[in-house]
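Working through the structure, step by step
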Amino acid sequence: MTTTAETIGPPRTSVGALGWLKRNLFSPWYNALLSLISVWLIYSVGGQTVQWALTARWEVITSNLRLFMVGSFPPDQVWRVWLVVTLASLLAGMSGGIGGRTARNIVFSLAASFGLFGVLSLAGGGYEWHFANVLAIGAGYLLTRGRAQWGRWVALAWLLAFFLTLFILYGIEKNEWLPLIGTDRWGGLLLTFLLSIVGIVFSFPLGVLLALGRRSRMPMISLFSTLYIEIVRGVPLVTVLFIAQIMVPLFLPEEMRLDRIMRAMAGVTLFAAAYMAENVRGGLQAVPSGQVEAAHALGLSDTLVTVFIVLPQALRVVIPPIVSLFIGLFKDTTLVAIVGLLDLLAVGKSVLAQPEFLGLQKEVYVFVAGVFFIFCYVMSYASYRLEIALGVGKR
Amino acid sequence: MSSIAKESKDIIICQDVHKWFDRLHVLKGINLTVKQGEVLVIFGPSGSGKSTFIRTINRLEEHQRGTIIVDGIELTHDVRNIHAIRTEIGMVFQSFNLFPHLTVLQNISLAPMWVRKWSRDKAEQIATDLLKRVGIPEQAHKYPAQLSGGQQQRVAIARALAMQPKIMLFDEPTSALDPEMIKEVLDVMTELAKSGMTMLCVTHEMGFANAVAHRMVFFDQGQLIEQGTPQQIFENPQQERTKMFLSQILH
Ligand SMILES: Nc1ncnc2c1ncn2[C@@H]1O[C@H](COP(=O)(O)OP(=O)(O)O)[C@@H](O)[C@H]1O
Ligand SMILES: [Mg+2]
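Residues numbered from 1 in each chain as written. Chains lettered and ligands numbered in written order. Predicted model: local features only at pLDDT ≥ 70, side-chain atom pairs only at ≥ 80, totals over all residues. Heavy atoms only, no water.

**What to know about the domain arrangement of chain A**
Residues and elements named next belong to chain A. One can read the domain layout of chain A as domain 1 (72-181) and domain 2 (186-343). Here domain 1 and domain 2 have C-alpha centroids that lie 27 Å from each other. Domain 1 puts 8 residues into the contact, and the matching count from domain 2 is 7 residues. Summing both partners gives a buried area of about 780 Å² for domain 1 against domain 2, and 86% of it is carried by carbon and sulfur. Connecting domain 1 to domain 2 are 0 salt bridges. Linking domain 1 with domain 2 are 0 residue pairs in polar contact (both at pLDDT 80 or more), by the criterion used here. (Domains from an automatic or database assignment. Contact = heavy atoms within 4.5 Å. Buried area = accessible area lost by both parts, 1.4 Å probe. Salt bridge = Lys/Arg side-chain N within 4 Å of Asp/Glu carboxyl O. Polar contact = N/O pair within 3.5 Å; in protein donor to acceptor, adjacent residues only side chain to side chain.)

**Describing the nonpolar core**
Within the largest apolar cluster, 90 residues are counted, with the highest numbers of intra-cluster contacts made by Phe-73 of chain A together with Phe-53 and Leu-200 of chain B. At 12 residues, helix α13 (residues 260-286) of chain A tops the list of elements feeding residues into this core. Counting the residues that make up this core, at least three belong to each of domain 1 (72-181) and domain 2 (186-343) of chain A. With residues up to four places along the chain from it excluded, the contact list for Leu-200 of chain B reads Ile-12, Val-34, Leu-40, Ile-42, Ile-54, Ile-57, Met-168, Leu-169 and Phe-170 of chain B. Judged by nonpolar contacts, the second largest core, of 50 residues, contains Phe-43, Phe-96, Leu-105 and Ile-225 of chain B. (Core = buried A, V, L, I, M, F, W, Y, C linked by side-chain atoms within 4.5 Å. Buried < 20%, exposed > 50% of the residue type's maximum accessible area, 1.4 Å probe, protein only. Helix = DSSP H or I, 4+ residues; strand = E, 2+ residues; numbered from the N terminus.)

**Considerations on unusual backbone geometry**
Negative phi characterises most residues that are not glycine, and trans characterises most peptide bonds. Residues and elements named next belong to chain B. At Gln-164, a residue that is not glycine, the phi angle is positive and equals roughly 50°. The residue Gln-164 is located in the loop between α5 (149-161) and β7 (167-171) in this model. Of note, the phi angle at Glu-172 is positive, near 45°, even though the residue is not glycine. The residue Glu-172 is located in the loop between β7 and α6 (179-194) in this model. Judged by its relative accessible area of 18%, Glu-172 is buried.

**Side note on the sheet that holds strand β10 (residues 223-228) of chain B**
Residue and element names in this part refer to chain B. In spatial order, the strands read β6-β7-β8-β3-β9-β10; together these 6 strands make up an open sheet with mixed pairing. Looking at which strands have only one partner, the edges of the open sheet turn out to be β6 (89-92) and β10. Adjacent strand axes in the sheet meet at a mean angle of 20°, parallel and antiparallel pairs treated alike. Judged from the 5 bridges that link them, β7 and strand β8 (residues 198-202) form a sheet pairing that is parallel. Considered in β8, the bridge of Phe-170 is made with Cys-201. (Pairing = 2+ DSSP bridges. Axes fitted to C-alpha atoms, helices over the stretch in contact; angles between N-to-C directions.)

**A short note on the interface of chain A and chain B**
Taken together, the contacts link 19 residues of chain A with 23 residues of chain B. Both sides of the chain A and chain B interface together cover about 1,900 Å² of buried area, and 68% of this is carbon and sulfur. Counting across the chain A and chain B interface gives 1 salt bridge. For the salt bridge of Arg-55 of chain B with Glu-293 of chain A, the shortest nitrogen-to-oxygen distance reads 2.7 Å. Every element with two or more residues in the side of chain A that touches chain B is listed here: α14 (289-297) and α15 (302-317) of chain A.

**A short note on helix α1 (residues 50-57) of chain B**
Residues and elements named next belong to chain B. Along α1, 7 of the 8 residues are buried, which leaves the element largely enclosed by surrounding structure. Buried within α1 are the following residues: Lys-50, Thr-52, Phe-53, Ile-54, Arg-55, Thr-56 and Ile-57. Looking one or two places after α1, you find Arg-59, whose phi comes out positive at around 65°.

**Description of the environment of Ala-84 of chain B**
All names here are of chain B. Locating Ala-84 in the fold gives a position in helix α2 (residues 79-88). By relative accessible area, Ala-84 is classed as partly exposed at 28%. For the pair Ala-84 and Gly-207, spaced 123 residues apart in sequence, the C-alpha to C-alpha distance is 34 Å.

**Digging into the packing of helix α5 (residues 78-98) of chain A against helix α8 (residues 151-170) of chain A**
Residues and elements named next belong to chain A. As a packed pair, α5 and α8 sit with axes 10 Å apart at the nearest point and diverge in direction by 175°. By the angle between their axes, α5 is roughly antiparallel relative to α8. Across the interface between the two elements, Arg-80, Val-81, Leu-83, Val-84, Leu-87, Ala-88, Leu-91, Ala-92, Met-94, Ser-95 and Ile-98 of α5 pack against Gly-151, Val-154, Ala-157, Trp-158, Ala-161, Leu-164, Thr-165, Ile-168, Leu-169 and Tyr-170 of α8. The class makeup of the residues in the contact of α5 with α8 is 17 nonpolar, 3 polar and 1 charged. (Parallel < 35°, antiparallel > 145°, perpendicular 65-115°, else oblique. Nonpolar A, V, L, I, M, F, W, Y, C, P; charged D, E, K, R; others polar.)

**Remarks on helix α4 (residues 120-133) of chain B**
All names here are of chain B. For α4, built from 14 residues, the straight-helix expectation of 20 Å at 1.5 Å per residue is met to within 8% by its first-to-last C-alpha distance of 20 Å. Looking at α4, one finds that the buried residues are Ala-123, Ile-126, Ala-127, Leu-130 and Leu-131. The buried residues of α4 all sit within an arc of 135° when viewed along its axis, so they share a single face. Among the exposed residues of α4, those oriented more than 90 degrees off its buried face are Asp-121 and Lys-132. Lining the buried residues of α4 we find α3 (104-114) and α5. Where α4 terminates, the next one or two residues include Gly-135, which has phi positive at roughly 85°. (Expected span 1.5 Å × (residues − 1). Arc of directions from axis to C-beta.)

**Topic: the site of ligand 1**
Residues and elements named next belong to chain B. In the vicinity of ligand 1, the contacting residues are Phe-21, Leu-24, Val-26, Pro-45, Ser-46, Gly-47, Ser-48, Gly-49, Lys-50, Ser-51 and Thr-52. One of the backbone N or O atoms of Gly-47 is found 2.7 Å from an oxygen atom in ligand 1. For ligand 1, an oxygen atom lies 3.1 Å from a polar atom in the backbone of Gly-49. By residue number, the principal contributor to the shell around ligand 1 is α1, which donates 3 residues. Residue classes in the shell around ligand 1 are distributed as 4 nonpolar, 6 polar and 1 charged. (Near = heavy atom within 4 Å.)

**Quick word on the pairing of strand β1 (residues 10-21) of chain B**
Residues and elements named next belong to chain B. Pairing of β1 with strand β2 (residues 24-35), which is carried by 9 bridges, proceeds in the antiparallel orientation. Bridge assignment links Ile-13 to a residue of β2, and that residue is Thr-33. Between β1 and the antiparallel strand that follows it, β2, lie 2 residues; Asp-22 among them carries a positive phi value of about 55°. Note: β1 against strand β4 (residues 65-70), 5 bridges, orientation antiparallel. The residue bridging Gln-15 from the neighbouring strand is Thr-67, located in β4.

**A few points about a nonpolar patch on the surface**
On the surface, a cluster of nonpolar side chains totalling about 810 Å² of accessible area is made up of Leu-143, Trp-150, Trp-153, Leu-156, Leu-159, Leu-160, Phe-163 and Phe-202 of chain A. By residue number, the principal contributor to the nonpolar patch is α8 of chain A, which donates 5 residues. (Patch = residues over 30% accessible without salt bridge, like charges linked within 9 Å, V, L, I, M, F, W, Y side chains within 5 Å. Areas by Shrake-Rupley, 256 points an atom, 1.4 Å probe, with all protein chains shown as cover.)

Printed below as a string of structure tokens:
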């Protein structure tokens, strides 16, 4: 050491693994006791779980995988679902290219998962799509890396891809290449995803409009928004789903018949919009009045003030509650089973009814829970990182 | 202190302006005419209605009796009039009120692009020039929270000037600043005053008033009690209340 003589190392007791253990796990006697009990609990519960997982009859999952993923979607048309997944992989790769570390982490994990699935299914076949997805992610990533200015276009591409997805899955009447597949054939994780994504994509703008409407100076608009929000929030989702099945057709003309899934999508969207509105309203209230005054003083109209000054600030404060709402929505889509739709959980139940898989509840429900957990965890991780990136509470 | 030409036109005309907050009578018949290029300092005790008064001029507060005419346009409920007047008036607040989610450059160029409808290039050029003028060209791509108070207030002045207004309103622009930062803001305001801008400044910086104000206006309890040149006000105030107040703030 050549410079400052005052620099000395930390006291010995506080460094190293032993120091840490001593300080954090064993220092007062009751901490030591807690540590011992925890170790015993982890050992006994964890040990049993691992033992069970190793001997469980996972073939109930592997032999019904298609059902779990897409329900009764025609097997010879499943390539359409794969195409959509590949498209999403490409866009995910592109987002990873322009995004920060978090987007990269998520996208690389996704690619790694596809790679792993691909290798696992090498023996059984059907690995091509998995590897195609890995390639799509890589291509998208390389395409946009270092081109942050494309962000806007990638966002737009996601929106277009959403509508393209619905088109690819639904198909065209009397078409050889893309025959119509009624939404009653959509099921499993595919249905769970579609319901949640439709719910999220449409409830967001609707909720923002309702929140703005509630604060509107026009009494009729404010009254309508308030009534809508309060009534929907006062009713359980199951009720809304039933109402959507029975009542929505009454309001629409004969030729605009919505099928059951679209009615469920409408129900989920309308329900989520009310909660969305309340979250956004909280954000709107958090924007200081000085912001609006300064913007007005510059000559900006009410609309421009809302778009450029109020909403960006309001929405960034409410990212955590909005993501919680989305996570809740994702899980609540399981309730559509009540109106007869076969989402991931309902597929699980129907699989358990097959004679050869009777009594395999543990395997099926652990699998379903695991799938839900993975997606919810990714959402919550992404929102946590987004909050930090946007500097919530700092800017 | 430069003098303003006698033949300068009247750019702000307030006649018998009244304002109530619910039952509270805050402005009690203000009469004031400001000439183009004039620098006015408004001072008076806290709660006397100074902020409320200058905020009625760009309609952040609505007056309930009397008339206000700015640059030939009367302030009425007509939204187009309000917009026309606001684009001609810049305002600087005590608490800066910069937009925290936008960079300094975006803060300044937003209104020129969306209200004046100037191109992004033009708006950003103007913003860059103004940042040079207020002495912080190197901060263009930072966010407001990364700047000191004095720097933020100078950005706020640049943001108001970017609209190329005819009138600038200042509501206690240095009251929220640490002492060592007051001067950097006052320097910018002094330069602006010398450039011929019409300015209405609510401030208790008497050195600034003495150096650049053409006229000083004393407010008390919602009324305009006294006005005159800095010399008249400092050396020979006519009203007892003005004397009292000055002796308090000048020690
Ligand atoms: N938005 C408001 N609502 C109700 N009362 C207000 C409001 N703004 C100001 N006032 C009251 O009006 C009076 C004048 O306030 P203000 O113009 O801020 O005075 P000054 O700027 O001279 O300190 C004060 O009594 C204040 O409490
Ligand atoms: Mg004030």
